[in-house]
Amino acid sequence: MSWELIVKQKFSAAHFLENYRGNCENMHGHTFLVEVHIKTDELDRSGISIDFKKVKQDLKSILPDHQVLNDICDFSPSAENLARFFFDELKKTYPVTRVTVWESEDAAASYTET
């Protein structure tokens, strides 16, 4: 028996896509939505596996809110690379299975190790 927890958090940031030809090669901004999936196999006595509040706090602490991503990332800050970065950071603490970064309501990239 297992459960999948899903936590979402928004942040606003600017970026541009390096080595890209098109509108997105220019500086632009998004209100990103980061969606984290965590697999868990056990519940504690209260009936929960991992406290949503703790996951949200930890996620918020790694989100680069109101930053220019190209200035702080040592990689090209595409949605794909951001998803992998957040996954790697969160897997240090949680059994993360997937991280999805939404740049808009209809465009996202997910990262998983499976």
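What comes next concerns the included structure. Within every chain, residues take consecutive numbers counted from 1 along the sequence as written. Selection of residues for local features in this predicted model requires a pLDDT of at least 70, selection of side-chain atom pairs for listing and counting requires 80 or more, and totals for whole chains, interfaces and linings are taken over all residues. Excluding hydrogens and water, the side-chain figures rest on all heavy atoms present in the structure.

### Re the sheet that holds strand 3 (residues 67-68)
Then, in step 1: Only strands joined by at least two bridges in the DSSP assignment are considered to pair. Helix and strand assignments come from DSSP, with helices taken as H or I runs of at least 4 residues and strands as E runs of at least 2, each series counted from the N terminus. What the five strands build is an open sheet, ordered 3-1-2-4-5; its pairing is mixed. Each of the sheet's edge strands pairs with one partner strand only, and the pair in question is strand 3 and strand 5 (107-111).
Then, in step 2: Two elements, strand 4 (residues 96-104) and strand 5, share five bridges in a ladder whose sense is antiparallel. Across the sheet, residue S104 finds its bridge partner in strand 5, namely A107.
Then, in step 3: Along the sheet face, helix 1 (residues 52-62) touches strand 1 (3-15) and strand 2 (28-40) and points at about 25 degrees away from the line of strand 1.
Then, in step 4: Residue contacts follow a heavy-atom distance rule, with two residues in contact if any of their heavy atoms lie within 4.5 Å. Only the contacting stretch of a helix is used when fitting its axis, a line to C-alpha atoms as for every element, and angles between N-to-C directions run 0 to 180 degrees. Along the sheet, helix 3 (residues 79-90) makes contact with strand 1, strand 2, strand 4 and strand 5, crossing strand 4 at roughly 145 degrees.

### Quick notes on the side chain of T100
Then, in step 1: Within the fold, T100 resides in strand 4.
Then, in step 2: Burial status follows relative accessibility: with a 1.4 Å probe on protein chains alone, a residue under 20% of its type maximum counts as buried, one over 50% as exposed, and anything between as partly exposed. Judged by its relative accessible area of 4%, T100 is buried.

### Details of the pattern of salt bridges
Then, in step 1: Between Lys or Arg on one side and Asp or Glu on the other, a salt bridge is scored when a side-chain nitrogen of the former is within 4 Å of a carboxyl oxygen of the latter. Tallied over the full model, the rule gives six salt bridges.
Then, in step 2: Salt-bridge contacts for K54 lead to D58; the nearest nitrogen and oxygen are separated by 3.0 Å. With a gap of four residues between them, K54 and D58 both fall in helix 1, about one helical turn apart.
Then, in step 3: A residue is classified by how much of its surface remains accessible, and K54, at 40% relative accessible area, is partly exposed.
Then, in step 4: Given the relative accessible area of 18%, D58 is considered buried.
Then, in step 5: Here D88 and K91 are joined by a salt bridge, their closest N and O atoms 3.8 Å apart.
Then, in step 6: On the basis of relative accessible area, D88 is assigned to the partly exposed category, the value being 27%.
Then, in step 7: For K91, a relative accessible area of 39% gives the class partly exposed.

### Comments concerning the environment of G29
Then, in step 1: If you trace the backbone, G29 turns up in strand 2.
Then, in step 2: A relative accessible area of 53% places G29 in the exposed class.
Then, in step 3: Separated by 41 residues in the primary sequence, G29 and N70 have C-alpha atoms spaced 12 Å apart.
Then, in step 4: Every residue in contact with G29, bar those within four places of it in the chain, is listed here: A13 and A14.

### Topic: the environment of Q57
Then, in step 1: Mapped onto the fold, Q57 is located in helix 1.
Then, in step 2: For Q57, a relative accessible area of 45% translates into the label partly exposed.
Then, in step 3: On a C-alpha basis, the gap between Q57 and Q9 in space is 9.6 Å, while along the polypeptide they are 48 residues apart.

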